Amino acid sequence: MLPPELIELSIDKKFIEFKLLPNTHGPISEEAVMQLLTLPEFNQLHPLENIIQKAVVQVNQLCGQDDGQFEQFFKIAERIDGQINVKIAEDKMSAQMELTAPWGGEKITIQNILQALKSSNICMGLSKIKIQTLLKEISKKQPGETCECIIATGKDCIHGVNASLERKVPLARERLLQPQEREDGTVDMHNLGSVIMVDPKDLLLVKHPATMGTSGYNIHGEVLSPIPGKDISLKVGDGTELCSSDPNQLIASVSGQPVETKTGMLVDNVLNIKDVDVGYGNVDFKGSILVTGDVHEGMVVKSTGDITIMGFVDSATLIAEGDVIVSKGIIGRQLKEKELSTKIRANGQICAQFIQYSDLEAQGDILVTKQLLHSYTKTKQKLTVSDPKGNRGDLVGGIAKADNGVIAVIIGATAGTKTEVFCAMKQSELRHQLKELDQSVKAMVVSLLELDAKINKLPPKTEWQDDEMMLAQVEVMFEEKEQLSTRRNKEQAEHDHLELEVNNYYRDHHVEAHKHIFPNVELHIGPAFNRTQREHGTCMVFNQDQELTFDYSTKH
């Protein structure tokens, strides 16, 4: 072992100095030098390994040389204070603190930590307990050892909830999903209950107002503003009125059949017909229509409300401003290529148990509880081919277009019947709308800045407060600023909602098969396309990076 007197603390006690004569003490090894540093007085200081390596080489080269008689001097270890390293997450929502135990230097104190937090501008979401625990842990560590944990966490803002309308009365279409139960517990699919009617003062609809959301903050104390919920208007329809004690409640003002609209409800007169045939003639009625029998070939039925058919529709045309509900089935025939004998149009929903060779178009959902065969189907909402329990529902043949997605128990057939399914085709339109809103908001921001600049350039008020023309001009500027600010805030909220919709578009709008997708089914989700070559089991089909992916992990 090298003599202990070869090393000593520097005058400022910050370093360990190594002094020796190569010809007297050499040759030496790194291990011998490191062993000197294990002495009690020096073992807490940080070895400078690169300098030790150079010292060993230099001393050994000088051994036996003339220059080896001269003393060599090296600083081979240093005192290092405890270290604090703060790592801030990219989103500024958390901060991690790493402490390093000192090499014979000053221990870390709470004051050191507070100073580090101040330097990093961390002022929110701090955990006093975690900081204290970290300090306690580092006190037990050997020199150079570290410990770390997250000591500050921001709070996410909670976006507002969109306003919603909660219907308090059933509709005619829901009778399809609620067949009457017999006394023995079996279900009578032919008895779908009585016609839904309301009386004056009956509660139809309740509006749940939008919420503003709750602000959050990041670790720097910057406020994270929530996106307010989107409001919707509750409009009074024919035969309805707002409750005098609560303007968020819509009640009936007359007796009749409740009909759902996009912005509320109305109460219709109901025309009762046994059968619509050549003997009765075509029907065009202002109100809702209830046909207790069938609508026969070649007949046309039009309504400003709902059309409810208790029997069948056979090669006829139904046009409703509300829903079209057919308790049994809709039947048509192929007249020629892409022309079918039955046409159904609804501003609301289309609901039936069974549909074949029919041309369907709805603004609302289309619901088929048993089979949708060889039809042309188009909806701006969702197409569902399934019974309430998800046990049966075949979508076979034809072309189905549903903007908001398709749910079916089975899509296609074992025989490989060509079936075309289209959904989520509107993202490019939404992106275009988003771009226009973004440009509009930016233009208003510029206009507001220009207005502020004009207002700031106004001379002192004392110079023009008696000038009527100047007063009028200033008033116009402030009114314009208020109007612009209101419009800008409104469009910014619309922009933020639309941006969320665009970002989540393909996640929300997809194809679901509760049991099978058979071969020769053409799936189009946005621009992504796939023609199935084999049978797929229970799955969801998504557009992921403009390619279709089959997710079998979800159990329906």
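Keep in mind that this is a model prediction, so the values were computed, not measured.

Novice: Before we move on, could you go through the sheet that holds strand E14 (residues 235–236) and cite the residues and values that matter?
Specialist: Read from one edge to the other, the open sheet built from 3 strands follows the order E14-E18-E17, with strand pairing classed as mixed. Each edge of the open sheet carries a strand with a single partner, namely E14 and strand E17 (257–261). In the sheet, E14 pairs with strand E18 (residues 264–268) via 2 bridges, with the strands oriented parallel. Residue pairing for E18: valine 236 is matched across the bridge by methionine 265.

Novice: Could you give an account of the pairing of strand E30 (residues 350–356), with specific residues and numbers?
Specialist: In terms of residue burial, E30 counts as a mostly covered element, since 5 of its 7 residues are buried. Both strand E26 (residues 324–331) and E30 contribute to a ladder of 6 bridges, which runs parallel. Following the sheet pairing, isoleucine 330 is matched in E30 by isoleucine 355. In terms of strand pairing, E30 meets strand E32 (residues 366–373) through 6 bridges, oriented parallel. Within E32, the position partnered with phenylalanine 354 by the bridge is glutamine 371.

Novice: Lay out unusual backbone geometry with the relevant residues and their values.
Specialist: Glycine aside, a negative phi is what most residues show, and trans is what most peptide bonds show. For lysine 92, which is not a glycine, the phi torsion comes out positive at approximately 60°. Topologically, lysine 92 is positioned in the loop between strand E5 (83–88) and strand E6 (94–100). By relative accessible area, which is 34% here, lysine 92 ends up partly exposed. In this structure, lysine 201 takes a positive phi of about 80° despite not being glycine. Relative to the elements of secondary structure, lysine 201 occurs in the loop between strand E10 (187–188) and strand E11 (203–208).

About the thresholds
Residues numbered from 1 in each chain as written. Predicted model: local features only at pLDDT ≥ 70, side-chain atom pairs only at ≥ 80, totals over all residues. Heavy atoms only, no water. Pairing = 2+ DSSP bridges. Helix = DSSP H or I, 4+ residues; strand = E, 2+ residues; numbered from the N terminus. Buried < 20%, exposed > 50% of the residue type's maximum accessible area, 1.4 Å probe, protein only.

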